[in-house]
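Chains, contacts and geometry: an overview
One-letter residues, chain by chain:
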Amino acid sequence: MNYTDTALTDIPLIREVIFYEETDSTNARAKDLIRAGAEGGTLVAADMQTAGRGRLGRSFSSPSGEGIYMSLILKPELSPDRFSMLTILAAMAIARAFEALYDLKADIKWPNDILVNNKKTVGILTEGVLPDHVIIGIGINVNNREFPDSLVNAGSLLLETGQPQDRGTLLYTVLSGFSELYARFLSSQDLSFITEEYNRRLIHMDKEIFVIPFDRTMDSADPYALSTEGLSPVLCRGIEKSGALMVEDTAGHISFLNSGEVSVRFL
Ligand code: BTN
């Protein structure tokens, strides 16, 4: 079903929408489109993905008719070392949409997951295609009733609100919100205008978390099942204006985590 039939090109950021009933991964399609000369503002969406991809090489379950699977191609006036800040903007737009449409509290797990009632409901995969393009890939579990056994912590809007939700309305609301945040971000070039709200939405704000080094993040297909053995907890102090996560150790020493290097797990 084509859930992109809402007036998406009315949104300032969206120039063109390409919809697939079925594809391997909308991020992969977006990469091909960039190589073929696609402009910023092209949105690729699918009803199902046969090889949906997550962060750190994981897969993203993408059954037909249930979720939103989309990739937005952007060509921002932004140096590539700032591309990961776009994940923060996307998470914020989605959290706001959940609240506005369903009155749901959406908690952000830095950097790229959104949880509702502690269940992962959204994943974001931002990929730079150098030198100047970036793809924001977003997967939202909307009307899923069940998940593969390997996903210990997945949830959907249907399961959390108790009723099926309209994918078109949600897609439109997320993209309009993102478009506004993006315009503001391009003029400020940092995240200072949303850090306070973002940190309020952070599920692990001021709580103890474990910082799991990159080499250990491959130990499990599900990051929520990673072992924290041998690691000491640190306190999460929220993001700063670059999107880096500030953590405080027991001696009160603050360090800054970049999303490409670590995963975090809260207690
Ligand atoms: C994660 O949970 O680690 C990120 C998941 C991102 C999934 C989306 S679905 C649309 C886009 N296409 C993909 O193959 N992945 C992203």
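Residues numbered from 1 in each chain as written. Predicted model: local features only at pLDDT ≥ 70, side-chain atom pairs only at ≥ 80, totals over all residues. Heavy atoms only, no water.

1. A short note on the pattern of salt bridges
Opposite charge on two side chains permits them to pair, given that their charged atoms come into close proximity. Convention followed: We count a salt bridge whenever a side-chain nitrogen from Lys or Arg sits within 4 Å of a carboxyl oxygen from Asp or Glu. The helix and strand labels rest on DSSP assignments: H or I over at least four residues marks a helix, E over at least two residues marks a strand, and numbering proceeds from the N terminus. For each residue, the accessible area found with a 1.4 Å probe, counting protein chains only, is set against the maximum for its type, and the residue is called buried under 20%, exposed over 50%, and partly exposed in between.
One pass over the full model with this rule turns up 14 salt bridges. Measuring nitrogen to oxygen at the nearest pair gives 3.8 Å for the salt bridge that ties arginine 15 to glutamate 39. Taken together, the residues arginine 15 in the segment before strand E1 (16-23) and glutamate 39 in the loop between helix H1 (26-35) and strand E2 (42-49) connect sequence positions 24 residues apart. A salt bridge links aspartate 47 to arginine 167, with the shortest nitrogen-to-oxygen separation between them at 3.0 Å. Of this pair, aspartate 47 sits in strand E2 while arginine 167 sits in helix H4 (residues 167-188), and the two are 120 residues apart along the sequence. Both residues of the pair, aspartate 47 and arginine 167, count as buried. If you follow the salt bridges from partner to partner, you end up with Asp24, Arg29, Asp32 and Arg35 in one network.

2. Quick look at the packing of aromatic side chains
Using the following cut-off: Two aromatic rings from Phe, Tyr or Trp, using only the six-membered ring of Trp, form a pair when their centres are within 6.5 Å; if the ring planes differ by under 30 degrees the pair is stacked, by over 60 it is edge-to-face, and anything between is tilted.
Applying the stated criterion across every chain, the model contains three aromatic pairs. When the ring of tyrosine 3 is compared with that of phenylalanine 19, the centres are 5.6 Å apart and the planes differ by 90°; the resulting orientation is edge-to-face. One end of the pair, tyrosine 3, is in the segment before E1; the other, phenylalanine 19, is in strand E1, and 16 residues separate them in sequence. Considering the side-chain rings of phenylalanine 178 and tyrosine 182, the 5.8 Å spacing of their centres and the 20° angle between planes classify their relative orientation as stacked. On the criterion of helical spacing, the pair formed by phenylalanine 178 and tyrosine 182 is a turn pair, its members being four residues apart in helix H4. Accessibility expressed as a relative area gives 4% for phenylalanine 178, which makes it buried. Given a relative accessible area of 7%, tyrosine 182 falls into the buried group.

Function cannot be inferred from these measures alone, as they are strictly geometric.
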